[in-house]
Each structure stands twice: as C-alpha cells, then as structure tokens.
Amino acid sequence: MLVNYINHNGKLTVDSKAILPADNRAFRYGDGLFETMLWTKGRIRLLDYHVERLQAGMKTLQLEGRSRFAPSDIQQMCTVLLAKNEWLDRDCRLRLQVYRSGSGLYSPVSNRAEFVLQASPVDHTDHFPPQPAGGLSSPNTGTPAQSNGLIVDLYTEQFKPFSGLSGLKSINGLLFVLAGLYRKQQGLDEVILLNQEGHLCESLSSNIFVSYQQQLYTPALGEGCVAGTMRRAILELAKKEGIGITEAKIDPQILEEADEVFLTNAIQGVQWVMGYRQKRYFNHWSKQFQKLITRL
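In what follows, the accompanying structure is described. A quick note: this is a predicted structure, and the numbers were derived from the prediction, not measured. (Residues numbered from 1 in each chain as written. Predicted model: local features only at pLDDT ≥ 70, side-chain atom pairs only at ≥ 80, totals over all residues. Heavy atoms only, no water.)

Observations regarding the packing of aromatic side chains
As enumerated under the stated definition, the model contains six aromatic pairs in all. With centroids separated by 5.6 Å and ring planes inclined at 85°, the aromatic side chains of Phe69 and Phe115 adopt a geometry described as edge-to-face. Placement of Phe69 in the loop between helix H2 (47-60) and helix H3 (71-84) and of Phe115 in strand E6 (residues 113-121) is noted, with a sequence separation of 46 residues between them. The class for Phe69 is buried, based on a relative accessible area of 0%. Accessibility expressed as a relative area gives 2% for Phe115, which makes it buried. Three or more aromatic residues link up through ring pairs in this structure, and these residues are Phe209, Phe262, Trp285 and Phe289. The aromatic ring of Tyr5 is capped on one face by Lys84, whose charged end is 4.8 Å from the ring centroid. Over the aromatic face of Phe34 sits the side chain of Arg95, whose NZ or CZ is 4.1 Å from the ring centroid. (Phe/Tyr/Trp six-rings, centres within 6.5 Å; stacked < 30°, edge-to-face > 60°. Helix = DSSP H or I, 4+ residues; strand = E, 2+ residues; numbered from the N terminus. Buried < 20%, exposed > 50% of the residue type's maximum accessible area, 1.4 Å probe, protein only. Lys NZ or Arg CZ within 6 Å of the ring centre and 35° of its normal.)

Next comes the structure, spelled out in structure tokens:
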C-alpha cells in the first residue's frame, strides 16, 4: 500500500492519520487561509508572491506567527516533504493551509496559527488541461482547434460579494463548491463567476483576462477577485514588455464580442479559452504570455 506523508505543524505524518479535533476552527468556521503552489525544477514558482499574499492574509485575520512562513522556511518544509514522498524530481502541487488554533465560538480564544502542508504530483504543467470539452473549430481557419482550449460559461446561480476579504485565499469555499458542481453538471471545462453587481469576477480556479478591440482587460481587485499570484506575474510581465492591461469593471456582455479570453493560475499558468457558448476565440495573447512565464 502506497503511503503518502503530510507536514502537520512541522511534523511529518502519514496522510491517513487523523490530525484535527472536532472543535478545530478550520473545520467549524473556515477560519483560515491556503496557498496552492507549484513545485517545478526543484523550487516553488512565484514563492515570494505566495508568501506575501499569505502573510498579508494572516495579518488581516489577526493570525499570529507570520515569521514562521518566510520564503526560506516554506521552501525548506516543501523540500523535506517532497523528499520523504520521493517526489523531489517531479512537478507537484503544494497546498499550505494555515488556520487559527484553539477553541471558542465565533470569538476565538487564541490567534495562534497552525498549518498543514500537503503535496501531490501534477501530470500536466504545460499550462493546459489534456483534453477539450469538444471538437470545435478555431475562429480564424475553420480547422480543428488546439485540443487544449477551454469551453466556458457563466455561473449565475450565486454571486461573489466583494469586500476587504474578497482577495484572500480563504478556506471558506462554498461558492466555488457550488460553481464546481454546476461546471460538472453542464459538462464545461470552467465557469466564470460574477460579483454582486453582475460584473466579471474570476473563474472557478483562475483569474480572467479579456482582449477586446485590441486592448487587454482584467477585473480589478476591487471587483472581488482573488489576488492571484499568476495574475500579478502577468501584470508585471506585461508592464516590462510594454503591453497595456487595464484593471476595470467588466460587463459579461464583453464575452460575446471579445477577440480572446484566457485564464491564469499558479498551477496551470496561462490557459486559453477556446469557446463561450457559440463564440470562438483567437489565442494570440495566451501564446505570448505562455512564452513569457517561462522566465518565472
């Protein structure tokens, strides 16, 4: 039987062992944060961005112990865990979950942070999923499109509220669970979430970029989207390359008229959206940014 290990508060243990009590605050209240990171070529991609976001979130939630999560500490913890699982030479997804320890009801009795670090191998890190939703044609040639484009639609059964907590990688994920169920039921590759005002927000697991009339747009952080690490990297790379990207309020109607749509996240990098309903897109910018992120 294959045994995998996790790191719970600095101690390696098998992942099948129970580690959380019934009154755990992460379990009871979703009182915590998480980071999903990519281990590739012996390091964590965008590690500094992940650490900055995690520590900013811990400060917002008044969690103590931010000094335990310096970049060098996280790199070392991940290295030890992957070595234990014999995955050091593989591309892996790393999930670091930080939560408030202790008991209490809505008012905590402690602000001390505890954590769980998990790892799992990733089979596809070429920035695209292996298969599309269907055999559709590319918009410019009419020939079969790349087999790695995504088919998406809007998720409108629930909306994401925006507040000072919207940009956090919170472990409270009910909205995303419901959106994920809808995605599966509709046979889609991904769904696009709207905020409480009906503007584009993000996808189930990524930030969204739209090319419209030769200009690139992405929802502003004030629109409720998660402050994605790859989103940040794309904005910084674009600035260095002289590529203009406007952070804005975006009406979902733009998806009917856009030239291109792509998604970004820490694990898959840049993903080209091939189709939205009856609309088909080009993939010029997604290819450009796929090349640029190889520098990261």
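There's plenty left to go through after this.
Some details on the nonpolar core
A general trend in soluble globular proteins is that nonpolar side chains are found buried together. Ranked by size, the top nonpolar core spans 27 residues in total, and within it Leu200, Val210, Leu255, Val261 and Tyr281 carry the most contacts. Of all the elements in the fold, those that place two or more residues in this core are strand E7 (150-160), helix H4 (174-186), strand E8 (190-195), strand E10 (207-212), helix H6 (254-257), strand E13 (260-265) and strand E14 (269-276). Other than its neighbours up to four places away in sequence, Leu255 contacts Leu154, Leu200, Val210, Val261, Tyr276, Lys279 and Tyr281. Core analysis: the second largest hydrophobic core is formed by 26 residues, Phe69, Leu82, Ala113 and Leu117 among them. (Core = buried A, V, L, I, M, F, W, Y, C linked by side-chain atoms within 4.5 Å. Contact = heavy atoms within 4.5 Å.)

So yeah, pure geometry; function would need other evidence.
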